[in-house]
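Read off the chains here:
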Amino acid sequence: SLPAFTAQANLGISPRPRAMLSIAATSLPAFTAPLLPHATRVAAPVMKAEGEIGVTPPLGVWDPLGCLAEPVDYPRRDYRRYVELEIKHGRIAMLATVGVLTTEAGFRWPGYLSKSLDLKFADLPGGCFDSYNAVPALGWLQIVGFVIFLELAYGATDPSKEPGDVGGISWVRYDDP
């Protein structure tokens, strides 16, 4: 036992931590992942022709979620609907950004936001989260209800028009190069 004591003294490790280290070292294989079988070779993706939906030169089709997969194995909407939703959500995000910028600049509607709570539009703080927390729950219910009404009444694009073309006859339309 004396040689072991001198070896431990030379290393500067007392017997208790050394025993703990040896237990940890012997239990490491219990925490390793099992060996996985070799992966089978996956067929190369089929690229669509130039000019088709989803083709981005020089990369080809970028469709990581398989939205353009054929045949369709699950119920999904037409790709046109995805384009309409992307345009609509982009427009909503732009309006939200303008709203935050105008309230930060100090522009407010005149009058009351909530007469029962004696809360005026001028009392609302600027900024995204501060103004969100200042609006009462009933106010948010009215906002969400109005957005749902707009979505159901005017949200769908006429199938004879291009996606996102919601303007009337006076709307100027440009050719996309």
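Residues numbered from 1 in each chain as written. Predicted model: local features only at pLDDT ≥ 70, side-chain atom pairs only at ≥ 80, totals over all residues. Heavy atoms only, no water.

J.: Please provide a residue-by-residue account of the overall build of the protein, values included.
T.: Counting its secondary structure elements, the protein contains five helices and four strands. Listed N to C, the secondary structure of the protein is α-α-β-β-α-β-β-α-α in terms of helices and strands. Per-residue burial for the protein yields a buried fraction of 12% across its 177 residues. Sequence separation of at least 24 residues holds for 23% of the intrachain contacts in the protein that already meet a minimum separation of 6. (Helix = DSSP H or I, 4+ residues; strand = E, 2+ residues; numbered from the N terminus. Buried < 20%, exposed > 50% of the residue type's maximum accessible area, 1.4 Å probe, protein only. Contact = heavy atoms within 4.5 Å.)

J.: Go over the pattern of salt bridges with me, naming the residues and quoting the values.
T.: Within the structure shown, the criterion is met by one salt bridge. Residues Lys88 and Glu151 are paired through a salt bridge, measuring 2.9 Å at the closest nitrogen-oxygen approach. Of this pair, Lys88 sits in helix α3 (residues 79-104) while Glu151 sits in helix α5 (residues 137-154), and the two are 63 residues apart along the sequence. (Salt bridge = Lys/Arg side-chain N within 4 Å of Asp/Glu carboxyl O.)

J.: Describe in detail the confidence of the model for the protein, supporting the description with residues and values.
T.: Per-chain confidence: the protein averages 74 in pLDDT, with 60% of residues scoring 70 or above. Confidence, read as mean pLDDT per element, is least for helix α1 (residues 2-11) in the protein (51) and greatest for strand β4 (residues 119-120) (90). (pLDDT = per-residue confidence, 0-100.)

J.: Outline the side chain of Ser131, listing residues and values.
T.: Take Ser131: it is sitting in helix α4 (residues 128-134). Setting aside anything within four residues of it in sequence, one finds Ser131 in contact with Pro125 and Gly126.

J.: Explain unusual backbone geometry to me, using residue names and the numbers behind them.
T.: Its identity as a non-glycine residue notwithstanding, Asp118 has a phi of 55°, on the positive side. For Asp118, the location among the structural elements is in the loop between β3 (112-114) and β4. For Asp118, a relative accessible area of 52% puts it in the exposed group.

J.: Provide a residue-level description of α3, including the pertinent values.
T.: For α3, with 26 residues, the first-to-last C-alpha span of 38 Å sits near the 38 Å given by 1.5 Å per residue. One or two positions beyond α3, positive phi appears at Gly106, with a value near 100°. (Expected span 1.5 Å × (residues − 1).)

J.: Can you tell me about the environment of Leu138, naming the residues and giving the values?
T.: On the secondary structure map, Leu138 appears in helix α5. C-alpha separation for the pair Leu138 and Ser114, spaced 24 residues apart in sequence, amounts to 9.3 Å.

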